[in-house]
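# Survey of secondary and tertiary structure
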Amino acid sequence: MSTVNMPSLKSLINIFNKYPALKYFLIFELAFLLFSYLQLDPSFPDPDSFYHTKIALLIKEQGIVKNFPYFQATVLKDYFIDHHFLYHLLLVPFIIILPPLYGVKFATIIFAGLTITAFYWLLSQLKIKGAFFYSLILIVTDPFIFRINLAKAQAIALIIFFISIYLIVHRRYNYLFILSFLYVWLYGGWPLILVLSCLYVFVNAIFESVKKIKFSRKKFLSCVTRYTLHVTRQVFFKHNLKLLASAFGGVVLGLIINPYFPKNLFFYWQQIFQIAVINYKDIINVGGEWYPYNPVDLVANASLAFIVFIVAATFFALNIKKQNILSVVLLILTAFFIILTIRSRRNVEYLIPVSLLFSAFSLDVFLKSADLKNFWRELKEFLAEQKILIIFFIAPLIAIPYITYKDISSVKRSFIGISFDKFRPAMQYLADNSNLGDIVFHSDWDESPILFYHNSKNYYLVGLDPTFMYKYSQELYSKWERITTGKESKNLAETAKSDFSARFVFISLDRHENMAKIFSSAPGFERIYQDKEAVIYQVTPSIIPGNDQKQPR
């Protein structure tokens, strides 16, 4: 009887070293299998997924979406731009091959897998030891894999971010210009590529100045002046100006050579500064991703990544003179994203990979410069003398399987979210029994992407972010908010008709019991549909002259 000899670990390593492409395939396959498991349920954890699917469908049917009357009481009615245009374009082949919602879910798995692969590619291209190890940590870090597995543009944006780091380090000016242009068409977070470029140039100038100028305590002020002037000159050297010109030039061209120019300038003012920077979370009820991330929860939810970061930061401090430009840039970026994430939890999708990149570069500097044999010998001797400290080395190793299981289980539970069929029967009834363009007064802003997906025959009031309604009219927002939270119960029919031009009222029954109770006995409404998820009323007061074609004030 013949026996089958299993390949040894050493032979497997030799195979991967001989065929490097196998490593990329393996890391993608691991990510693909894990993310497929997370995405098995026919549901989305985030309602915006329905909006992105619908926009991709509209692009497939009619081309670029320029007119967007669907959210009538928002600035989007007059200043809509598809700031995720390239992302929606990438979704089109998937929704052609598969049923739309399943197609988008499959695309999300592919894009998320490619994000992990791009992370591994960046580390490999920059000759970092342990690239596969860091990629595995990224795959199982709870808040990160949750964010990139949402049906949004984040995964593709991160791929561009990783590639841009490589292009900046290797000063591939033409490719950086093209990538910056594409970034604007893909994702509203395009200013990040400018932040990265400026930071790299500035740190590079500091490194060059440190080599040329030696500080003297006796002539401290003179040295500071000379140093500042030298840094300034370095920033304006030709190679640095070309780098900045490539990034800024691509962004500016992406803004101008744009199907939405010049409306996109106003939109980005709203999106980047009004929503992301100023943020009205203390005034209005914005999306959960815009609220702060508790620092304790952040560390607990990304414990593996933070353990590696703490170790790397320690070695960075001990070997600070040996650090290179990129490790310093990544440390500053990590601090930058920590601040942003504590302010708005959505930034964790950048914080985790950037902190791991810093860890990889910092530890790589140590591994390449240290006498490892001597280091391990001294460490063993030290631990032998201080036996109590062994627990700080063994405990994390023992905890890794548990932490990994806990994080993956947590994300899996989070992805059992909004069913593909949620509100479908109610919206089908409304589509069959209403006129084109009839306005629906609905009970919450985050319902509208689902309503819009199932029924684009009708128009709604507010969607994507309540800030768009608040900036359109604070008075209308206040009235809508009071009605939907059950704080207002008088003259509801007149308000719905005269202020919002609404013909129908849609109420979700799972979160708006007070509103549903008030409307069940409010005069001027006729209940025309109800199921276990929602109830729909038709507004039936006497028609106020001139209100038939009136838009929300």
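Residues take numbers from 1 onward in each chain, read along the sequence in its written order. It should be noted that, the model being predicted, local features are given only for residues of pLDDT at least 70 and side-chain atom pairs only at 80 or more, the latter also being counted only at that level, while totals for whole chains, interfaces and linings use all residues. The side-chain quantities take in all heavy atoms of the structure and omit both hydrogens and water.

### Thoughts on the overall build of the protein
The way it works is that DSSP assigns letters per residue, a run of H or I at least four long becomes a helix, a run of E at least two long becomes a strand, and they are numbered from the N terminus. When helices and strands are tallied, the protein shows 26 helices and 6 strands. Relative accessibility under 20% of the residue-type maximum defines a buried residue, over 50% an exposed one, and the middle range a partly exposed one, all with a 1.4 Å probe and only protein chains included. Looking at the 553 residues of the protein, the share that counts as buried comes to 54%. In what follows, residue pairs with any heavy atoms lying within 4.5 Å of each other are defined as contacts. Within the protein, contacts between residues separated by at least 24 positions form 76% of all contacts whose residues are at least 6 apart in sequence. As displayed, the protein offers around 26,300 Å² of accessible surface, 64% of which is attributable to carbon and sulfur atoms. Surface exposure here means Shrake-Rupley accessible area, sampled with a 1.4 Å probe, where a residue is shielded only by the protein chains that are shown.

### A word on the pairing of strand S3 (residues 439-442)
The alternating pattern of S3 places Ile439 and Phe441 and Val440 and His442 on opposite faces, both of which are buried. What makes two strands pair is DSSP finding at least two bridges between them. Sheet analysis places S3 next to strand S4 (residues 502-508), joined by 4 bridges and oriented parallel. When the bridges of S4 are listed, His442 appears paired with Phe506.

### Focus: the sheet that holds strand S6 (residues 534-539)
Spatial ordering of the open sheet is given by S3-S4-S6-S5, a layout of 4 strands whose pairing is mixed. Each edge of the open sheet carries a strand with a single partner, namely S3 and strand S5 (525-530). Between one strand axis and the next, the sheet turns by 30° as a mean value, whatever way the strands run. Relative to S6, S4 is paired through 5 bridges, and the arrangement is antiparallel. Bridge pairing in S6 links Phe506 to Ile536. Lying on the sheet, helix H26 (residues 513-520) is in contact with S3, S4, S5 and S6; it crosses S4 at an angle near 135°. Lines fitted to the C-alpha atoms define the axes, with helices restricted to the stretch that makes contact. Angles between their N-to-C directions range from 0 to 180 degrees.

### Structural notes on H26
Within the sequence span of H26, burial applies to Met515, Ala516, Ile518 and Phe519. Projected down its long axis, H26 carries its buried residues within an arc of 165°, all on one side. Residues of H26 that are exposed and point more than 90 degrees away from the buried face comprise Asn514, Lys517 and Ser520. The secondary structure elements touched by the buried residues of H26 are S3, helix H24 (474-484), helix H25 (492-498), S4, S5 and S6. In this description, the arc belongs to the directions extending from the helix axis to the C-beta atoms.

### Quick notes on the packing of helix H10 (residues 173-186) against helix H13 (residues 238-256)
Interaxial distance between H10 and H13 falls to 7 Å at its minimum, and their mutual angle equals 30°. The angle between the axes of H10 and H13 places the two elements in the roughly parallel class. Helix-helix and strand crossings are classified by hand; for H10 and H13 the assignment is right-handed. Only His239, Lys242, Leu243, Ser246, Ala247, Gly249, Gly250, Val251, Leu253, Gly254 and Leu255 of H13 make contact with H10, whose side of the interface consists of Tyr173, Leu176, Phe177, Ser180, Phe181, Val184 and Trp185. Orientation labels follow simple angle bins: below 35 degrees gives roughly parallel, above 145 gives roughly antiparallel, 65 to 115 gives roughly perpendicular, and whatever is left gives oblique. For any pair of crossing helices, the crossing counts as left-handed if the nearer helix is rotated counterclockwise from the farther one by less than a right angle, and right-handed if it is rotated clockwise.

### With respect to the nonpolar core
For the purposes of this section, nonpolar cores are sets of buried Ala, Val, Leu, Ile, Met, Phe, Trp, Tyr and Cys residues that join through side-chain atoms within 4.5 Å. Formed by 180 residues in total, the largest nonpolar core has its most connected members in Phe35 and Tyr183. Looking at this core, the element that brings in the most residues is helix H6 (residues 100-125), giving 13 residues. What Tyr183 contacts, discounting residues up to four positions off in sequence, is Ala157, Ile160, Phe161, Gly189, Trp190, Leu192, Ile193 and Tyr350.

### Here we look at unusual backbone geometry
At the junction of Phe261 and Pro262, the peptide bond is cis and its omega measures out at 5° in the coordinates. With respect to the element layout, Pro262 can be found in the loop between H13 and helix H14 (263-278). Positive phi, close to 70°, is recorded for Leu464, a residue that is not glycine. Within the secondary structure layout, Leu464 lies in the loop between helix H22 (448-454) and helix H23 (467-472). Accessibility expressed as a relative area gives 17% for Leu464, which makes it buried. Positive phi outside glycine occurs at Ser501, with the angle close to 55°. Examined against the element boundaries, Ser501 turns out to sit in the loop between H25 and S4.

### What to know about the pairing of S5
Consecutive residues of a regular strand have side chains that alternate between opposite faces of the sheet. Summarising the sheet, S5 and S6 pair through 5 bridges and their orientation is antiparallel. Each residue of the ladder has a partner; that of Phe525, found in S6, is Val539. Connecting S5 to the antiparallel partner S6 that follows it, the hairpin turn spans 3 residues.

### A few points about helix H9 (residues 154-169)
Across its 16 residues, H9 extends 23 Å between first and last C-alpha, which sits within 8% of the 22 Å expected from 1.5 Å per residue. By the criterion of burial, H9 is predominantly enclosed, with 14 of the 16 residues buried. In the stretch just after H9, Arg171 is the one whose phi turns positive, near 55°. An expected span of 1.5 Å times one less than the residue number is assigned to each helix.

### Focus: empty space enclosed by the protein
Cavities and pockets are defined on a 1 Å grid built over the protein atoms alone: a cavity is a set of grid points where a 1.4 Å probe fits but cannot escape, while a pocket is an open set with protein on both sides within 12 Å along at least five of seven lines, and lining residues are those with an atom within 4 Å of any such point. Grid points are joined across faces, edges and corners, and a volume is the space filled by probe spheres set on the points. Here the structure, examined in full by the defined rule, presents 1 cavity of 30 Å³ or more. In this model, the largest cavity occupies a volume close to 50 Å³. In this structure, the largest cavity is lined by Ile81, Asp82, His83, Phe85, Val184, Trp185, Asn258, Pro259, Tyr260 and Tyr268.

### Description of the packing of aromatic side chains
Two rings from Phe, Tyr or Trp (for Trp, the six-membered ring) form a pair when their centres are within 6.5 Å of each other. A pair whose planes differ by under 30 degrees is stacked, one over 60 is edge-to-face, and the rest are tilted. Here the structure, examined in full by the defined rule, presents 46 aromatic pairs. For the ring pair Phe71 and Phe452, a centre distance of 6.1 Å and an interplane angle of 65° mean the geometry is edge-to-face. One end of the pair, Phe71, is in the loop between helix H3 (48-62) and helix H4 (76-79); the other, Phe452, is in helix H22, and 381 residues separate them in sequence. Side by side, Phe71 and Phe452 carry an identical accessibility label, which is buried. With centroids separated by 6.4 Å and ring planes inclined at 90°, the aromatic side chains of Phe80 and Tyr260 adopt a geometry described as edge-to-face.

### Observations concerning the pattern of salt bridges
We define a salt bridge as a side-chain nitrogen of Lys or Arg found within 4 Å of a carboxyl oxygen belonging to Asp or Glu. This structure, assessed with the given rule, holds 12 salt bridges. Close ionic contact of Lys479 with Asp499 constitutes a salt bridge, the shortest N to O distance being 2.7 Å. In this pair, Lys479 is assigned in helix H24 and Asp499 in the loop between H25 and S4, connecting sequence segments 20 residues apart. On the basis of relative accessibility, which here comes to 9%, the residue Asp499 falls in the buried class. Through salt bridges with shared partners, one network takes in Asp46, Asp48 and Lys152.

### Brief notes about the packing of H3 against helix H5 (residues 85-97)
Packing of H3 against H5 brings their axes to within 8 Å, and their N-to-C directions diverge by 80°. Relative to H5, H3 is oriented roughly perpendicular. Contacts between H3 and H5 involve Tyr51, His52, Ile55, Ala56, Leu57, Ile59 and Lys60 from the former and Phe85, Tyr87, His88, Leu89, Leu91, Val92, Ile95 and Ile96 from the latter. Note on residue categories: nonpolar means Ala, Val, Leu, Ile, Met, Phe, Trp, Tyr, Cys or Pro, charged means Asp, Glu, Lys or Arg, and polar means any other residue, Gly included. Of the residues in the contact of H3 with H5, the class split is 12 nonpolar, 2 polar and 1 charged.

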